[in-house]
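Each chain, written out:
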Amino acid sequence: MLNAYVQPVVARYMQGLDAKLAERGIDDGIYVMQSSGGSMTIEQSRVLPINMVESGPVAGVTGAAVTGEAIGRSNLITLDIGGTTAKTSLIKAGQVEVTTDYYIERTPTSSGYPIKVPVVDIVEIGAGGGSIAWLDEAGGLSVGPRSAGAEPGPACYGKGGTEPTVTDANLVVGRIDPDYFLGGQMEVSRELAEQAVARVGDRLGLTVEQAALGIIRLANANMVNAIKLVSVRRGHDPRDFDLVAMGGGGSMHAGALAAELRIPRVIVPRATSVFSAWGMLMTDLRADWVRTKVADAAAIREEELNHLFGELEARAAEYFHGEGLNGNGVVLTRSADMRYQGQEHTVTVHLPAAAGSDRSAVLEAFHAAHEQLYTFRLDTGVEIVNLRLTGLGVLHKPELRKLETTDADASAALKGRRRVHFDSEGAQEASIYQRELLGAAVEVPGPAIIEETGSTTVIAPSQRVVVDDFGNLILTMVNGTAR
């Protein structure tokens, strides 16, 4: 029903886009991002547009998994901060977490609508650069979910906005350079930002700087809670993961969030503000099939399981053949939704190529996954609910290029110094660096700010950054132990 609801408008849009691209000579290899972390042809997107829900943020998660594989880091938590929201997801052992229990329009007073298609498991909250700081009826400070958006935008934009936002607060405390916003292409006003933040500060009896720090702290607290939802609440210890910061605001807040959660390492990829766009280029053609089969997991015969999966695999072969891919370029993965008898909720467990070849290992994998998610396991019987098949058609991807090794140190990228407030570590003179001028293996000690077009990386006095071979900024605590 939801697919049918959006299909007419999406189909018209995609048909028009396809025609415009063809006019420009682009008529081959056009793919559309899916919410599952894979891509599909533009023709398929007109048939199943529901698979595009959350596809933009999902692309960043896919890109993070590829980046992690390249640098040997397989356990990752992603943090994508844009203008209106902060989004976070978890990657365990190189595998992106995918769910089929995704809801839209869910609110504290509405259950929302379930979309039973594969969606990368993302938690999204209203805490972005444009999120508005406001006081409730009791005088308590809140940040978001209401956003100033792009028009009029934060007060510092000078487009008519008067309410203080997270961007205004970061500008007030010196973390954003008003003369280098969007690489110097956009003029912003520190004075207007201070006026907006003062409206909150005056009512709370705080200075402008104190009010700005309060706004940033509250925004960070909301982001910490979001990260806990995809980690601690799912049975994962954040200290066992690295944090991948992306989006225009990700690298501005990631260092503080990592310190709060004791995450040992922050990875800031190149072109972090448009990292999701790069992530789209790193996807493979993906399609998913599901077959409901309620059965006792211990009793169902191997022959029956393999027969049912065989039917799904035949459909997969037909689909990928139609997309011009043969068996050598297709990878098929089996899984099953399983539950304890008498339960309603299921846990998805990966299955070996021969579905019944190691039944005890599959059952143990279910027990372990259930215990991680819900903190307990039972001795009762286990049943299969759905059989799932995922097909990946391998596509050509751009090569990850390494930086050239030079003898230059961080001084070659030094732009100057300015006063920056680092909250609990106080206001200090910070060194300002241009990211594009930092070579491989260069170390930047805090306090420092690394600027690039579209984003800013904040390095507290207790932190440092090292540039890796691929140009990623690797932020760690000075006295911390990176796992």
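What you are looking at is a predicted structure, and each value in this text was computed from that prediction instead of being measured. (Residues numbered from 1 in each chain as written. Predicted model: local features only at pLDDT ≥ 70, side-chain atom pairs only at ≥ 80, totals over all residues. Heavy atoms only, no water.)

A.B. asks: For this particular structure, what's the right way to read the overall build of the chain?
C.D. replies: Of the regular secondary structure elements, the chain holds ten helices and 25 strands. Relative to a compact globule of 483 residues, whose C-alpha radius of gyration would be 23 Å, the chain shows 24 Å and is just as compact. With the C-alpha coordinates of the chain rotated into their principal frame, the extents come out at 70 × 55 × 50 Å. Within the chain, buried positions represent 51% of all 483 residues. The long-range share in the chain, meaning contacts at least 24 apart out of those at least 6 apart in sequence, stands at 63%. When the accessible surface of the chain is summed, it comes to about 22,800 Å², and 50% of that surface belongs to carbon and sulfur atoms. Separation of charge centres in the chain, based on 43 positive and 59 negative side chains, amounts to 2 Å. (Helix = DSSP H or I, 4+ residues; strand = E, 2+ residues; numbered from the N terminus. Rg over C-alpha atoms; globule rule 2.2 N^0.38 Å. Buried < 20%, exposed > 50% of the residue type's maximum accessible area, 1.4 Å probe, protein only. Contact = heavy atoms within 4.5 Å. Areas by Shrake-Rupley, 256 points an atom, 1.4 Å probe, with all protein chains shown as cover. Lys, Arg positive; Asp, Glu negative; His and termini not counted. Charge placed at Lys NZ, Arg CZ, Asp CG, Glu CD.)

A.B. asks: Just to check I follow, could you spell out the packing of aromatic side chains for this structure?
C.D. replies: How two aromatic rings sit relative to each other is set out by the distance from centre to centre and by the angle between their planes. Evaluation of the coordinates by the stated rule reveals six aromatic pairs. Look at Trp289 and Tyr319: their rings are 5.8 Å apart centre to centre, the planes differ by 75 degrees, and that puts the pair in the edge-to-face class. With Trp289 in strand β15 (residues 285–296) and Tyr319 in helix α9 (residues 302–322), the pair connects residues that are 30 residues apart, well separated along the chain. The pair formed by Trp289 and Tyr319 is uniform in burial state, with each residue classed as buried. Considering the side-chain rings of Tyr340 and Phe366, the 4.9 Å spacing of their centres and the 70 degrees angle between planes classify their relative orientation as edge-to-face. Within this pair, whereas Tyr340 is found in strand β16 (residues 330–340), its partner Phe366 is found in helix α10 (residues 359–374), the two being separated by 26 residues in sequence. Per residue, the accessibility class of Tyr340 equals that of Phe366, and both read buried. Its guanidinium or amino end placed over the ring of Tyr103, Arg106 lies 3.9 Å from that ring's centre, counting from NZ or CZ. The ring of Tyr180 carries Lys415 above its face, with NZ or CZ at 3.6 Å from the centroid. (Phe/Tyr/Trp six-rings, centres within 6.5 Å; stacked < 30°, edge-to-face > 60°. Lys NZ or Arg CZ within 6 Å of the ring centre and 35° of its normal.)

A.B. asks: Would you mind showing me how to read helix α3 (residues 55–71) here?
C.D. replies: Counting along an α-helix, one turn takes 3.6 residues, and residues three or four places apart therefore face a common direction. A rise of 1.5 Å per residue sets the reference length of α3, with its 17 residues, at 24 Å; its end C-alpha atoms lie 25 Å apart and thus fit the reference within 8%. Here α3 lies mainly inside the structure; 13 of its 17 residues are buried. (Expected span 1.5 Å × (residues − 1).)

A.B. asks: I keep staring at the packing of helix α5 (residues 190–204) against helix α6 (residues 208–230) and nothing clicks. Help me out?
C.D. replies: A pair of packed helices is captured by two measures, namely the crossing angle of their axes and the spacing between those axes. With their axes 8 Å apart at the nearest point, α5 and α6 run at an angle of 85 degrees to one another. As summarised for this structure, α5 and α6 are arranged roughly perpendicular, according to the angle between their axes. Here α5 contributes Glu194, Val197, Ala198 and Gly201 to the contact with α6, which in turn contributes Val208, Ala211, Ala212 and Ile215. (Axes fitted to C-alpha atoms, helices over the stretch in contact; angles between N-to-C directions. Parallel < 35°, antiparallel > 145°, perpendicular 65-115°, else oblique.)

A.B. asks: Looking at this structure, I do not really get the pattern of salt bridges. What am I missing?
C.D. replies: Pairing between side chains of opposite charge can happen when the charged atoms of each approach one another. Going through the model one piece at a time under the given rule, you end up with 25 salt bridges. In this structure, Arg377 and Glu364 form a salt bridge, with 3.4 Å as the shortest nitrogen-oxygen distance. Within this pair, whereas Arg377 is found in the loop between α10 and β18 (382–393), its partner Glu364 is found in helix α10, the two being separated by 13 residues in sequence. With a relative accessible area of 37%, Arg377 lands in the partly exposed category. (Salt bridge = Lys/Arg side-chain N within 4 Å of Asp/Glu carboxyl O.)

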